[in-house]
Structure formats: C-alpha cells, structure tokens
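Analysis of the macromolecular model
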Amino acid sequence: MAVATLTKAQSAGITLGVVLLIVGFLLIGAWLALAPLYAGFLLLWYFGSVDVLDAKALPALAIGAVAGTLTAWLLQAGVARAGAIGAVPALTVIVAAIFCQLLGRLPIAINRAYMLYVTVMAAPLLQRQERFDHVLLTIAVATLYFGGAVMLGRHLMARRRLVTA
C-alpha cells in the first residue's frame, strides 16, 4: 500500500496530535489507576496501523482484543491450576480460532486483533504479573478514548470543511 507523502507541516501537526492523544490517555490512565497501559497502546497501534483509523473496524478490534485476552487468561489459569496439562483447553480454543479465522467464521471476535492479543497476553513474562481484569478494563477505556477521539476529530474536520466551503 502506498503511503501518501505529507509536508513537514502536516507531519508535525499529526505528530503533535498523536502526542496530545497519548498524553491524554496517560492522564486518564493515571486518574483511573489503569494498568497495564500497554494494552491500550497496543489497541491504538492496531487501530492506527492495521485499521487505518476506520471507526467501522473498532467493534471487531475491541471484541477481538477482549476475546484474545480472555483466551490468554484461560491459558494462565489452566497452567496455574493443573500444570502443563492445564494448557490444553486454551490451546484447543486457539486451534479452533485459527480454523475459524481461516474459514472467515466469527470475524467479529476471531480476527487479527484476537491473534495479536492472545499472542502478546500469553507471553510468559506478562502472564506472571498481569491481572486480566485490569487488562480488560484498559482495553475498554482505550477503545472508548481512542475511538471517541478519532470520531470527534472526523466530526470537527467535516464541520471545518463545511464552514470553509
């Protein structure tokens, strides 16, 4: 996919907007005592890079992120309760998810975001120290915040175009 060339002024303006958006999320995260914030920034990266800020893609992104996180939690809980054999239920879900994704089934939940979140959240280092209820809350807040910011920005830009036209 070709990337549009921006002027330095446009690039600076967009960079400033992204920085302000991130600072806003950090402030909301501090205010709500959200942790881990990386789960929200992962959502922002995916929304901006993969979905190219398409608001219509946001529900599948959020649901896929939650489903992937819950599958990673299932892995953690199973191993904590039963050792290596406890991973079998989660691995069965992951195999079924791969099969469904290949067939294009359940795309609202089984999608690229699901695969990203199940991969990241299943990392052993994260598994040892995360509270998955906190991860899910961060995903929900990030979806509302970043999605809302994009929709508000689009609304303001549309109004601006109407005023200048």
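Residues numbered from 1 in each chain as written. Predicted model: local features only at pLDDT ≥ 70, side-chain atom pairs only at ≥ 80, totals over all residues. Heavy atoms only, no water.

Focus: a nonpolar patch on the surface
Using the following cut-off: The residues that make up patches have over 30% relative accessible area and no salt bridge, and they are joined within 9 Å when like-charged or within 5 Å when they are Val, Leu, Ile, Met, Phe, Trp or Tyr. To measure how exposed things are, a 1.4 Å probe is used in the Shrake-Rupley method; for residues, cover is taken only from the protein chains shown. When a carboxyl oxygen of Asp or Glu is within 4 Å of a side-chain nitrogen of Lys or Arg, the pair counts as a salt bridge. Helix and strand definitions follow DSSP, with helices as H or I runs of at least four residues and strands as E runs of at least two, each counted in order from the N terminus.
Taken together, the side chains of Leu6, Ile14 and Val18 make up a nonpolar region of the molecular surface, amounting to roughly 250 Å² of accessible area. Structurally, the position occupied by Ile14 is in helix H1 (residues 8–32).

Overview of helix H5 (residues 112–121)
To keep things clear, this is the line we draw: The rule is simple: take the accessible area with a 1.4 Å probe, protein chains only, and divide by the maximum for that residue type; under 20% is buried, over 50% is exposed, in between is partly exposed. Two N or O atoms count as a polar contact when they lie within 3.5 Å, although within protein this holds only if one can serve as hydrogen donor and the other as acceptor, and sequence-adjacent residues are included solely when both atoms are side-chain atoms.
Inspection of H5 places Ala113, Tyr114, Met115, Tyr117, Val118 and Met121 among the buried residues, and these make up the whole buried set. Residue Asn111 occupies the N-cap position of H5, its side-chain oxygen lying 3.1 Å from the main-chain nitrogen of Ala113.

Some words on the packing of aromatic side chains
This is how it is decided: Whether two aromatic rings pair depends on their centres lying within 6.5 Å, for rings of Phe, Tyr and Trp, where Trp uses its six-membered ring; planes under 30 degrees apart make the pair stacked, over 60 edge-to-face, and the rest tilted.
Evaluated as defined, the whole model comprises six aromatic pairs. Measuring from ring centre to ring centre gives 5.1 Å for Tyr145 and Phe146, while their planes differ by 65°; the resulting arrangement is edge-to-face. Residue Phe146 is classed as buried on the basis of its relative accessible area, which comes to 0%. Members of the aromatic cluster, joined through ring pairs, are Phe25, Phe41, Tyr145 and Phe146.

Things to note about the packing of helix H2 (residues 38–49) against H5
Cut-off, in case you're wondering: Only the stretch in contact is used when a helix axis is fitted, and all axes are lines through C-alpha atoms; the angle between N-to-C directions ranges over 0 to 180 degrees. Reported orientations rely on four angle classes, namely roughly parallel under 35 degrees, roughly antiparallel over 145, roughly perpendicular from 65 to 115, and oblique for the rest. What makes a crossing left-handed is the near helix being turned counterclockwise from the far one by less than a right angle; a clockwise turn instead makes it right-handed. A contact between two residues is defined here by any heavy atoms of the two lying within 4.5 Å.
It is at 12 Å that the axes of H2 and H5 come closest, and there the two elements cross at 150°. Relative to H5, the element H2 is oriented roughly antiparallel. Note on packing geometry: the crossing formed by H2 with H5 is right-handed. Contacts between H2 and H5 involve Tyr38, Ala39, Leu42, Leu43, Trp45 and Tyr46 from the first element and Arg112, Ala113, Leu116, Tyr117, Val120 and Met121 from the second.

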